[in-house]
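# Structural overview for review
The chain contents come next:
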Amino acid sequence: MVRNKTVEQTDDITWMRLALAEAQACLERNEVPVGAVLIADNRLVAKAGNRTRTDCDPTAHAEMVVLRDAAHQVGNYRLTGTTLYVTLEPCAMCAGALVQARVQRLVFGATDPKAGAVVSHFRLCTTEILNHRLVVTGGILADACGALLRDFFRQRRGSVVL
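Residues numbered from 1 in each chain as written. Predicted model: local features only at pLDDT ≥ 70, side-chain atom pairs only at ≥ 80, totals over all residues. Heavy atoms only, no water.

Turning our attention to the UniProt feature "active site" (unreviewed entry) in the protein. The UniProt feature table records "active site" (unreviewed entry) at Glu63. Its place among the elements puts Glu63 in helix α3 (residues 62–74). On the accessibility criterion, Glu63 (4% relative accessible area) is buried. Those residues in contact with Glu63 that sit more than four places away from it in its chain are Ala36, Leu84, Val86, Leu88, Pro90 and Cys94. (UniProt positions renumbered as here; feature names shortened; annotations may be inferred. Helix = DSSP H or I, 4+ residues; strand = E, 2+ residues; numbered from the N terminus. Buried < 20%, exposed > 50% of the residue type's maximum accessible area, 1.4 Å probe, protein only. Contact = heavy atoms within 4.5 Å.)

This part takes up the pattern of salt bridges. Overall, the coordinates contain four salt bridges when judged by the stated rule. The residue Lys47 makes a salt bridge to Glu22 at a minimum N-O spacing of 3.8 Å. With Lys47 in strand β2 (residues 43–49) and Glu22 in helix α1 (residues 5–26), this pair connects stretches of sequence that are 25 residues apart. Residue classification places Lys47 among the partly exposed positions, given a relative accessible area of 42%. The class of Glu22 is buried, set by a relative accessible area of 17%. For the salt bridge of Arg154 with Asp151, the shortest nitrogen-to-oxygen distance reads 3.1 Å. Taken together, the positions of Arg154 and Asp151, both in helix α5 (residues 142–158) and three residues apart, correspond to about one turn of that helix. (Salt bridge = Lys/Arg side-chain N within 4 Å of Asp/Glu carboxyl O.)

Looking now at the pairing of strand β3 (residues 82–88). The buried fraction of β3 is high, at seven of seven residues. With helix α4 (residues 92–101) bridging β3 and the parallel strand β4 (residues 105–110), this β-α-β connection has right-handed handedness. (Right-handed = clockwise from strand over helix to strand, strands pointing away.)

The structure is reproduced here in C-alpha cells:
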C-alpha cells in the first residue's frame, strides 16, 4: 500500500502526542520526561515513559521499556515492521537496541545535542557498518517535546539547595 505523505504526517503527529502524554506522566514519578510508543500496522503495541529512578535501573529508558514490553507481547525480540515514536532523540544504548530489535522506523521529537546517537552523534540507526538500518524521521512536535524537557530541568535547577 502506498501511503500519502499527508496521512503519514498526520499519523506521526497523532502517535507523537501519545508519546508526549507518556512523557508528561513521567513528571508525577520525578522521572526525566521522555515518552515512547511502538506501533505495528497503525496499532499501539506498547507505550512507556522513562523509569530509571522508579525501577532503579539505568537501562529503563522509555525506548528500552517499550521494546521489552513489545517483545514479551509478541513473543519475539525481533520487532520487524514496527515504528517507534519517542519524544527525544535516542541515546547510544537505545539506538543500538532499536537496531538489534530490527525496528523498521524511528520517529523522534527533539534532538539531543549532548547524548543523541541518531542524528546528533554516531548515526547508529543509519550507519552501513551495522547489519540493520532504520528509516528515521526527526522533529515531529519538536517544540513541545523540547519544552517539556527544558521546563523539567529548569525547575530542577531552580530547586537545588546548596
